[in-house]
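# Structure assessment
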Amino acid sequence: MTIATSTELICFLILSSVIVSGGLGVVLIDNIVYSAFLLGGVFMSVAGLYLLLNASFVAAAQVLVYVGAVNVLILFAIMLVNKREELKPIKGLKIRKFFSGCVCAGLLALLFRVDITTNWSTPGPQAIGEIATERIGEHLFTDYLLPFELASVLLLMAMIGAIVLARRDVLSVEVRESDSIREKVIKNSNNNVLLDQSID
Amino acid sequence: MFNSQELIPLNAYLLVASILFCIGVWGLINSRNAVRVLMSIELMLNAVNINLMAFSSYIDGNIIRGQVFTVFVITVAAAEAAVGLAILLSLYRNRTTVDMESFNLLKW
């Protein structure tokens, strides 16, 4: 075993243990802010696994999109809805958790069995390694062109939908097209122009 | 470029992904905070991505369709997170809580 292979093995063990323990922390820790930061750690470790698999482009995309966008979005959502509230106790919650844990353990056992006993046809063709980025670009603009364009439409729809869903309903005063009313609105704008709907 | 075919078997990646997926499922069922539900969904999507990347590297090493799929999954996950958190915000405005047990708008 050379230094390179043992380093790879050690990296894999560290990354996978961080992924598993971080995932457990995300679902088990009470403080949700800690969970969000642990989720960022899990995303970074998954990006490390991608690097071990010779996929530098996807690793960079993972860090940019997940850690840079999704995790920050989740942190913002936590800040926006941050209210210390006592959850109402539900009877049978322990039993429910136990049974769902049993179901998940069964699913885990099933997946483990599939993972171990299936005869995967390895080794496949030689991995192309560093030119994977170019190959992804070729794929995106030739045989995956339609999903690529659909993804852009999907992102546009998601952006507009998120804005429409998340904004507060607009001016409480009726704003017509004429400028005089608009000026009046602006003049009165030091008292609440925005209708605060969070009370009702 | 090191040859990763020999040392770490494909099964190791699949096992890690399975564990992460099951953690995500458990969190999805049992979380009472709506933000944590979204985080569990992200965990499950990441587990699927690990699977896709491992297969792409070990079995489909010269065409890497799995990596392209992973890029698409990341795209859809970002859109899903944005819309999900927007829905969560408008729900929070209506109900002033993030407890999943109190969201019974569709109950009949």
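Residues numbered from 1 in each chain as written. Chains lettered and ligands numbered in written order. Predicted model: local features only at pLDDT ≥ 70, side-chain atom pairs only at ≥ 80, totals over all residues. Heavy atoms only, no water.

### Some details on the overall build of chain A
- Looking only at helices and strands, one finds 7 helices and 0 strands in chain A.
- Helices (α) and strands (β) of chain A occur, in sequence order from the N terminus, as α-α-α-α-α-α-α.
- Counting across all 200 residues of chain A, residues that qualify as buried make up 28%.
- Relative to all contacts within chain A whose residues are 6 or more apart in sequence, the contacts with residues 24 or more apart total 48%.
- For chain A, the exposed surface amounts to about 13,100 Å²; the carbon and sulfur share of it is 68%. (Helix = DSSP H or I, 4+ residues; strand = E, 2+ residues; numbered from the N terminus. Buried < 20%, exposed > 50% of the residue type's maximum accessible area, 1.4 Å probe, protein only. Contact = heavy atoms within 4.5 Å. Areas by Shrake-Rupley, 256 points an atom, 1.4 Å probe, with all protein chains shown as cover.)

### Section: the packing of aromatic side chains
- Under the counting rule described, the total for this entry stands at 8 aromatic pairs over all chains.
- Between F141 of chain A and F148 of chain A, the aromatic rings sit 5.3 Å apart at their centres with planes inclined by 65 degrees, giving edge-to-face as the arrangement.
- Looking at F141 of chain A, the relative accessible area reads 55%, which means it is exposed.
- Site record: aromatic cluster; members linked through ring pairs are F12 of chain A together with Y13 and Y58 of chain B. (Phe/Tyr/Trp six-rings, centres within 6.5 Å; stacked < 30°, edge-to-face > 60°.)

### Concerning the side chain of D115 of chain A
- With respect to the helices and strands, the residue D115 of chain A is situated in helix α4 (residues 93–117).
- Of the side chains with opposite charge, R113 of chain A comes closest to the buried, unpaired D115 of chain A, at an N-O distance of 11 Å.
- Leave out the neighbours within four places in its chain, and D115 of chain A touches W120 of chain A together with N11, L14, L15 and S18 of chain B. (Lys, Arg positive; Asp, Glu negative; His and termini not counted. Salt bridge = Lys/Arg side-chain N within 4 Å of Asp/Glu carboxyl O.)

### Overview of the interface of chain A and chain B
- Taken together, the contact pairs 87 residues of chain A with 76 residues of chain B.
- Summing both sides of the interface, chain A and chain B together bury roughly 7,700 Å²; the carbon and sulfur share of this comes to 74%.
- Linking chain A with chain B are 1 salt bridge, by the criterion used here.
- Elements represented by at least two residues in the side of chain A that touches chain B include exactly α1 (3–28), α2 (32–52), α3 (56–80), α4, α5 (132–141) and α6 (145–166) of chain A.
- At 12 residues, the largest contribution of residues to the side of chain A that touches chain B is made by α1 of chain A.
- The residue makeup of the side of chain A that touches chain B, split by class, is 58 nonpolar, 17 polar and 12 charged. (Buried area = accessible area lost by both parts, 1.4 Å probe. Nonpolar A, V, L, I, M, F, W, Y, C, P; charged D, E, K, R; others polar.)

### A look at the packing of α2 of chain A against α3 of chain A
All names here are of chain A.
- Contact geometry of α2 with α3 gives a least axis separation of 8 Å together with a crossing angle of 175 degrees. Judged by the angle between their axes, α2 and α3 are roughly antiparallel. Across the interface between the two elements, I32, V33, A36, F37, L39, G40, F43, M44, V46, A47, Y50 and L51 from α2 touch S56, V58, A59, Q62, V63, Y66, V67, N71, I74, L75 and I78 from α3.
- Here the residues of the contact of α2 with α3 are counted per class, giving 19 nonpolar, 4 polar and no charged. (Axes fitted to C-alpha atoms, helices over the stretch in contact; angles between N-to-C directions. Parallel < 35°, antiparallel > 145°, perpendicular 65-115°, else oblique.)

### Regarding the layout of surface pockets
- Considering only enclosed or pocket space, the largest pocket measures out at about 650 Å³ in volume.
- Considering the residues around the largest pocket, the lining is formed by 25 residues, among which D30, I32 and L87 of chain A together with N33 and R36 of chain B are closest to the centre.
- At the level of secondary structure, the elements contributing two or more residues to the lining of the largest pocket comprise α1, α2 and α4 of chain A together with α1 (10–30) and α2 (34–58) of chain B.
- The class makeup of the residues in the lining of the largest pocket is 12 nonpolar, 5 polar and 8 charged.
- Surrounding the second largest pocket, 15 residues form its lining, V65 and L155 of chain A together with T75, A78 and A79 of chain B being those nearest its centre.
- Here the lining of the second largest pocket is built from residues that sort into 14 nonpolar, 1 polar and no charged. (1 Å grid on protein atoms, 1.4 Å probe; cavity = no way out; pocket = protein on both sides within 12 Å on 5 of 7 lines; lining within 4 Å. Points joined across faces, edges and corners; volume = space filled by probe spheres on them.)

### With respect to unusual backbone geometry
- Backbone geometry places I64 of chain B, a non-glycine residue, at a positive phi of 45 degrees.
- With respect to the element layout, I64 of chain B can be found in the loop between α2 and α3 (65–95).

### Observations regarding empty space enclosed by the protein
- Using the criterion set out here, one finds 2 cavities of 30 Å³ or more in the structure.
- Lining the largest cavity are L53, N54, A127, I128, G129 and A132 of chain A together with S57, G61, I64 and Q67 of chain B.
- Residue classes in the lining of the largest cavity are distributed as 5 nonpolar, 5 polar and no charged.

### Things to note about α3 of chain B
- In this model, α3 of chain B (31 residues) spans 44 Å end to end at C-alpha, consistent with the 45 Å of a helix rising 1.5 Å per residue.
- One or two residues past the end of α3 of chain B sits T96 of chain B, with phi positive at roughly 50 degrees. (Expected span 1.5 Å × (residues − 1).)

### Points about α6 of chain A
- In this model α6 of chain A runs 32 Å from its N-terminal to its C-terminal C-alpha over 22 residues, within 8% of the 32 Å that 1.5 Å per residue would give.
- Among the residues making up α6 of chain A, those that are buried are A151, A158 and A162 of chain A. Considered in projection along α6 of chain A, the buried side chains sweep an arc of 25 degrees and stay on one side of the axis. Structural note: α6 of chain A exposes L146, L150, M157, I163 and V164 of chain A on the side pointing more than 90 degrees away from its buried face.
- Packing partners of the buried residues in α6 of chain A comprise α3 of chain B. (Arc of directions from axis to C-beta.)

### Some details on the confidence of the model for chain A
- Per-residue confidence for chain A gives a mean pLDDT of 85; residues scoring 70 or more make up 84%.
- Ranking the elements of chain A by mean pLDDT puts helix α7 (residues 179–187) of chain A last with 63 and α2 of chain A first with 95. (pLDDT = per-residue confidence, 0-100.)

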